[in-house]
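Inside the fold
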2 protein chains.
Amino acid sequence: MKHDVSPDTIPPRSHEAKRASIMDAAGEVFCRESFAGANIDMIAAEAGVSRQTIYNHHGDKEKLFVAIVRDLTERCNAGIFATISTFPDQPKDLEADLIAFAVRMNRNCICNRDGKFLRKLIQTEGERYPELFAEWREQGPGRTWPAIAARFARLAHAGFLDIEDPDVAARQFLALANAELQTTFMLGGTPDDDEVLQSATHGVRTFLRAFGKRQPAAEAQKHSALAGA
Amino acid sequence: MKHDVSPDTIPPRSHEAKRASIMDAAGEVFCRESFAGANIDMIAAEAGVSRQTIYNHHGDKEKLFVAIVRDLTERCNAGIFATISTFPDQPKDLEADLIAFAVRMNRNCICNRDGKFLRKLIQTEGERYPELFAEWREQGPGRTWPAIAARFARLAHAGFLDIEDPDVAARQFLALANAELQTTFMLGGTPDDDEVLQSATHGVRTFLRAFGKRQPAAEAQKHSALAGA
DNA sequence: ATAAATTTAGACACTATTGTCTAATTCGTC
DNA sequence: GACGAATTAGACAATAGTGTCTAAATTTAT
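As a starting point, this report considers the structure included with it. (Residues numbered from 1 in each chain as written. Chains lettered and ligands numbered in written order. Predicted model: local features only at pLDDT ≥ 70, side-chain atom pairs only at ≥ 80, totals over all residues. Heavy atoms only, no water.)

Another aspect to go through is the nonpolar core. One broad rule of soluble globular proteins: the nonpolar side chains tend to lie buried together. Counting residues in hydrophobic clusters, the biggest one holds 62 residues, and the most contacted among them are Phe152, Leu161 and Phe207 of chain A together with Phe152, Leu161 and Phe207 of chain B. If we ignore the near neighbours within four places in the chain, the residues touching Phe207 of chain A are Leu98, Phe152, Leu161, Ala169, Phe173, Leu176 and Gly212 of chain A. (Core = buried A, V, L, I, M, F, W, Y, C linked by side-chain atoms within 4.5 Å. Buried < 20%, exposed > 50% of the residue type's maximum accessible area, 1.4 Å probe, protein only. Contact = heavy atoms within 4.5 Å.)

In structure tokens form, the structure reads like this:
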């Protein structure tokens, strides 16, 4: 976090570094203490910056809070779309590939710092800032879910899956992948790699029991119809 | 004795009525404003009670908060166990019965006032009161999930379902039933009956595609083996 | 009816926090 | 090294909230 290598002087940081440092600290503190519980001095201390600097940058507490949420929303969305682009369109091993995808999604978008913070802030302050969080809803789930649904639709069309409603399937995929992490999320914890893998594995297996073809699509297309039980 | 006919005076309420009224108002306010954002005057006003009365009953803000969480936990647990007792052990129409069960669970335990409040308080303040919420975890999910799992295990044993791990299946059942309510929950909203029914219907269908037998158990047992595709 | 317990409004001391201001310092850049 | 911009510590007024205390009013039980 803080590299104090110099013996007596504090290492100077640029304007931008301070800006970033304020965003980091504010995210942390708002998340930990809630908007009302957070105070500017705490954020300033955690950012290693004077209180006045925060007021110079952001005007007041509420503007700072809004900036944090916008920033987190953007970063999370970027991460989610980056992860969606790794969706297995031509899976070699459908189960393994979907499990790996679910794990990536969880690790890089849901359980990471930004994901955790954004989730917490939405849950905690969502009702107090309807317009801000309506914005999140549009930019977030409103765009990511259809994107995931489109990938599942493609997979189904290619014969790997048997899906009627890709939107429903996408939501259920995510719900199943997280099914065993709910309690941990509730309490603000971060599940370890093993829990994430477990939940993803169980979730994907169930998902494939519901929506999988009996055989891999490539095989199925070669051998035409064997239709086993 | 108990005739409130007085025309111009505010109807007096008993000690116990005030106690309940404080609990109600405090739940509401803590939930809406978070612990730090809530203040005693607000609660007193909402409860129609003087501030001092709250201090008389509960000592201080933190003790009041703890009392609220304990109360909500208890009430929610009671509701969940009551609902679990309506689990369809001898289903006539497995899909319809499970959907109805999922709807009851959502309506009476997750989406109702107590469920919503408890969820919000756990999410918001969980990290600040580890021991209190550890208690919730034990009393809540720690006892309800196994109870639900046991019902699914029985259903599987009776030949209605094909389940390896009932604990996993139970968690996934709940996750699927709520899959389409996540965003609404996030923002603190209350889904209407139609959304609840939709989500439950889709969730249970997927659940049965994954874990259902091809035929109703009764039939399957009579006709022994037909094993259709 | 009367006594005991509870509730009430309001004042109160105390603390915490926000947001502003200033004067000195440090930084980035030429 | 010199200049303007950014940052700093600290004081500051203004506000809001907690928890206590009082004396009067009201409720409950005897």
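Turning our attention to the protein's contact with DNA strand D. In the vicinity of DNA strand D, 19 residues are found, and the nearest of them are His15, Ser50, Arg51 and Thr53 of chain A together with Gln52 of chain B. The sugar-phosphate portion of DNA strand D accounts for 69% of its atoms within 4 Å of the protein, the bases making up the rest. In the model, a phosphate oxygen of DNA strand D is placed 3.2 Å from a nitrogen or oxygen of the Ile40 of chain B main chain. For the surface near DNA strand D, the secondary structure elements donating two or more residues are helix H1 (15–37) and helix H3 (51–58) of chain A together with helix H3 (51–58) of chain B. Considering only residue class, the surface near DNA strand D consists of 5 nonpolar, 9 polar and 5 charged. (Near = heavy atom within 4 Å. Polar contact = N/O pair within 3.5 Å; in protein donor to acceptor, adjacent residues only side chain to side chain. Helix = DSSP H or I, 4+ residues; strand = E, 2+ residues; numbered from the N terminus. Nonpolar A, V, L, I, M, F, W, Y, C, P; charged D, E, K, R; others polar.)

One pass over the structure, following the stated rule, counts 42 salt bridges over all chains. In this structure, Lys116 of chain B and Glu127 of chain A form a salt bridge, with 3.8 Å as the shortest nitrogen-oxygen distance. Of this pair, Lys116 of chain B sits in helix H6 (residues 113–125) while Glu127 of chain A sits in the loop between helix H6 (113–125) and helix H7 (130–139), each in a different chain. According to the relative accessible area criterion, Glu127 of chain A is partly exposed, its value standing at 36%. The partner of Lys120 of chain B in a salt bridge is Glu127 of chain A, and the shortest N-O contact between them spans 2.8 Å. Here the residue Lys120 of chain B occupies a position in helix H6, and Glu127 of chain A occupies one in the loop between H6 and H7, the pair thus bridging two chains. Judged by relative accessible area, Lys120 of chain B falls into the buried class, the value being 6%. Each member of the salt-bridge network shares a partner with another, and the members are Asp24, Glu28, Asp71, Arg75, Arg113 and Asp114 of chain A. (Salt bridge = Lys/Arg side-chain N within 4 Å of Asp/Glu carboxyl O.)

The full set close to DNA strand C counts 20 residues, and Asn39 and Gln52 of chain A together with His15, Lys18 and Thr53 of chain B are the nearest of them. Taken together, the sugar and phosphate atoms account for 67% of what DNA strand C places within 4 Å of the protein. Between DNA strand C and Ala38 of chain A there is a distance of 3.3 Å, counted from a phosphate oxygen to a backbone nitrogen or oxygen. Tyr55 of chain A is positioned with one of its side-chain polar atoms (N or O) 3.5 Å from a phosphate oxygen of DNA strand C. At the level of elements, helix H2 (40–47) and H3 of chain A together with helix H1 (15–37) and H3 of chain B are the ones that each hand at least two residues to the surface near DNA strand C. A total of 5 residues in the surface near DNA strand C trace back to one element, the largest contributor, which is H3 of chain B.

Just distances and angles here, no functional claims.
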